[in-house]
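Notes for the structure review
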Amino acid sequence: MPAAEADISQSAVVSTNPVNTTPNVTDGTVRAIAVVGTKVVVAGNFEHVKNAGSSTSIARHNIFSFDSSTGKVDTKFVPKIDGTVYALQPGTSGSVYVAGSFTNTNGAGLGSLTKLSVATGKAVKGFNARVGHGLIFAMIRRGSHVYIGGEFTTIAGATHAPLARVDATTGKADAKLNISVTTPRQGALKIYKLAVDPSDTKLVIDGTFTKVGGQRRYQIAMITTSGTPKLSTWATERYATPCSSSFDTYMRGIDFAPDGSYFVVVTTGAPHGTTQLCDSAARWESSKTGTGQNPTWVNWTGGDTLLSVSVTGKAIYVGGHQRWQDNPQGHDSAGPGAVSRPGIAALNPTGGKALSWNPTRTRGHGVETLVATSKGLFVGSDTDELGHEYHGRVGMFPLP
């Protein structure tokens, strides 16, 4: 089984100079990237892509793939997805799992989770998850398990919590993981992001909820997944403060370290100083249990959103539309000690301070996805400039 992106441990910090061969998505937003063999699958909400250095527009409906060596867009992988793709995960035998807000794939009503052959773009036979009545925001595959979270309310016609674990081959939901997720703090009930440690023993979810399994868990919860899944005693009140009323949840990305020893959470939410975890990246230790948990360290942007995070061991990469890092006293301004890190940054795993790595990026809405691989770091966003070069919403920083 190939390693999933979250398992990748890199030996160095990636280069600040992105490769020049990645294709250019010319409209919309890149929201998910997955590497499947020699192919890179890119998805989100867009309709046009161009090969690097080409003026010819290629029609693609929210998903495409390209060769990882040459960067050329694949002419055989041309599935038609009728909605936004929020998540991708590599499968075995040249397949990729696709999840989002869509209903139809290649004209067939397969729902918001499907499995495609990367060679042909066709749905893989035998996989039928039948997720209904709502979209999927987040997905992680661990061996024979595919974890999904979102706003869905049914699977295979039966009422289900917006968190599920389905069989990687059949798509059938695992009845063991149907823990109640309830009581949104604001807006609709949803799980926005989730992460699973590499050994498939711990699952962390975030979203609008304030209760999980009937217990208070404000916007974030940990579930033990080995044996019969159950709610962990791990709990924190640090995300119970309001931040901005503009967001139903201010939680954003989560990622485990390659060895599973800790995870990092990034947020939005407006500047509120150091008493709250708005607009921040925070490290949490996986082995801790009990209530009242606090982060090991926090890095505040001083008022700008972080959307995505990728932990590689040597660095913690964070992306969004931030202007600064190391900015706890900033209030939409650079406070004492702040360092300029437009749109993307690398943090020291030990103390959380920004590393010198600073390629820069045009900010826009922000970096939606960061995916570490054995070759480097893929970046998906909604704007075109990366490292002062045109990269059409998808780029890759290689390892040195």
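Residues numbered from 1 in each chain as written. Predicted model: local features only at pLDDT ≥ 70, side-chain atom pairs only at ≥ 80, totals over all residues. Heavy atoms only, no water.

Considering the pattern of salt bridges
As enumerated under the stated definition, the model contains eight salt bridges in all. Taking the shortest distance from any N to any O, the salt bridge between Arg 323 and Asp 304 comes out at 2.8 Å. Of this pair, Arg 323 sits in the loop between β28 (316–320) and β29 (324–325) while Asp 304 is found in the loop between β26 (297–300) and β27 (306–311), placing the two residues 19 residues apart along the sequence. Taking relative accessible area as the criterion, Arg 323 reaches 26% and is therefore assigned partly exposed. Overall, the relative accessible area of 3% leaves Asp 304 in the buried class. We note a salt bridge from Asp 332 to Arg 323, for which the minimum N-O separation is 3.1 Å. A single network of salt bridges, built from pairs that share partners, joins Asp 304, Arg 323 and Asp 332. (Salt bridge = Lys/Arg side-chain N within 4 Å of Asp/Glu carboxyl O. Helix = DSSP H or I, 4+ residues; strand = E, 2+ residues; numbered from the N terminus. Buried < 20%, exposed > 50% of the residue type's maximum accessible area, 1.4 Å probe, protein only.)

Points about the sheet that holds strand β5 (residues 58–59)
As a general point, the strands of a sheet are linked pairwise by backbone hydrogen bonds and lie either parallel or antiparallel. Here we have three strands laid out as an open sheet, ordered β1-β4-β5, and antiparallel in their pairing. Of all strands in the sheet, those bounded by a partner on one side alone are β1 (24–25) and β5. Here β1 runs beside strand β4 (residues 48–50); their pairing, made up of two bridges, is antiparallel. Bridge assignment links Asn 24 to a residue of β4, and that residue is Lys 50. (Pairing = 2+ DSSP bridges.)

What about the sheet that holds strand β18 (residues 202–207)?
With respect to topology, four strands assemble into an open sheet ordered β17-β18-β21-β22, the strand pairing being antiparallel. Each having just a single partner strand, β17 (191–196) and β22 (230–231) make up the two edges of the open sheet. As defined by bridge partners, β18 adjoins strand β21 (residues 220–224) across five bridges and the pair is classed as antiparallel. Bridge assignment links Asp 206 to a residue of β21, and that residue is Ile 220.

Describing empty space enclosed by the protein
Under the defined criterion, the tally for this structure stands at four cavities of 30 Å³ or more. Looking at the largest cavity, its volume works out to about 460 Å³. Along the wall of the largest cavity there are 27 residues; nearest its centre are Ile 140, Lys 193, Ile 254, Thr 369 and Leu 370. Those elements that provide at least two residues to the lining of the largest cavity are β2 (29–36), β7 (85–90), β11 (136–142), β17, β23 (251–256), β27 and β32 (367–372). Its residues assigned to classes, the lining of the largest cavity comprises 17 nonpolar, five polar and five charged. (1 Å grid on protein atoms, 1.4 Å probe; cavity = no way out; pocket = protein on both sides within 12 Å on 5 of 7 lines; lining within 4 Å. Points joined across faces, edges and corners; volume = space filled by probe spheres on them. Nonpolar A, V, L, I, M, F, W, Y, C, P; charged D, E, K, R; others polar.)

Here we look at the packing of aromatic side chains
Applying the stated criterion across every chain, the model contains 12 aromatic pairs. A centroid spacing of 5.4 Å and a plane angle of 50° characterise the contact between Phe 137 and Tyr 192, whose relative ring orientation is tilted. One end of the pair, Phe 137, is in strand β11; the other, Tyr 192, is in strand β17, with 55 residues separating them in the sequence. Overall, the relative accessible area of 17% leaves Tyr 192 in the buried class. By the ring-pair criterion, three or more aromatic residues cluster together here, those being Trp 234, Tyr 239, Phe 256, Phe 263 and Trp 284. Over the ring of Tyr 192 we find Lys 193, and its NZ or CZ is 5.6 Å from the ring centre. Geometry around Tyr 262 places Arg 283 over its ring, the cationic atom sitting 3.7 Å from the centre. (Phe/Tyr/Trp six-rings, centres within 6.5 Å; stacked < 30°, edge-to-face > 60°. Lys NZ or Arg CZ within 6 Å of the ring centre and 35° of its normal.)

Digging into the nonpolar core
Counting residues in hydrophobic clusters, the biggest one holds 18 residues, and the most contacted among them are Val 204, Ile 220, Tyr 239, Phe 263, Val 265 and Trp 284. Counting only elements with at least two residues in this core, the list comes to β21, β23, β24 (262–267) and β25 (280–285). Looking at which element gives the most residues to this core, the answer is β23, with three residues. Residues within four places of Phe 263 in sequence aside, it is in contact with Val 204, Ile 220, Met 222, Trp 234, Ile 254, Asp 255, Phe 256, Ala 282, Arg 283, Trp 284 and Ser 286. Judged by nonpolar contacts, the second largest core, of 17 residues, contains Leu 177, Val 181, Ile 191 and Leu 203. (Core = buried A, V, L, I, M, F, W, Y, C linked by side-chain atoms within 4.5 Å. Contact = heavy atoms within 4.5 Å.)

Some points on the state of the cysteines
Counted under the stated rule, the structure contains one disulfide. Here Cys 243 pairs with Cys 278 through a disulfide, and the sulfurs are 1.9 Å apart. Negative torsions about the S-S bond denote left-handed disulfides, and the value of about -95° found for Cys 243 with Cys 278 makes this one left-handed. A residue pair is termed long-range when its members are at least 10 positions apart, and Cys 243 in the loop between β22 and β23 and Cys 278 in the loop between β24 and β25 qualify at 35 residues. There is no split in this pair, since Cys 243 and Cys 278 are both buried. (Disulfide = S-S within 2.5 Å.)

Focus: the layout of surface pockets
In this model, the second largest pocket occupies a volume close to 150 Å³. Ile 155, Ala 156, His 160, Lys 172 and Ala 173 are, among the 14 residues lining the second largest pocket, the residues nearest its centre. Residue composition of the lining of the second largest pocket, by class: six nonpolar, five polar and three charged.

Looking at unusual backbone geometry
In this structure, Asp 200 is a non-glycine residue whose phi angle is positive, near 55°. Locating Asp 200 in the fold gives a position in the loop between β17 and β18. Although it is not a glycine, Asp 332 adopts a positive phi angle of roughly 55°. Checked against the element boundaries, Asp 332 lands in the loop between β29 and β30 (339–340). In this structure Asp 332 comes out as partly exposed when scored by relative accessible area, which is 44%.

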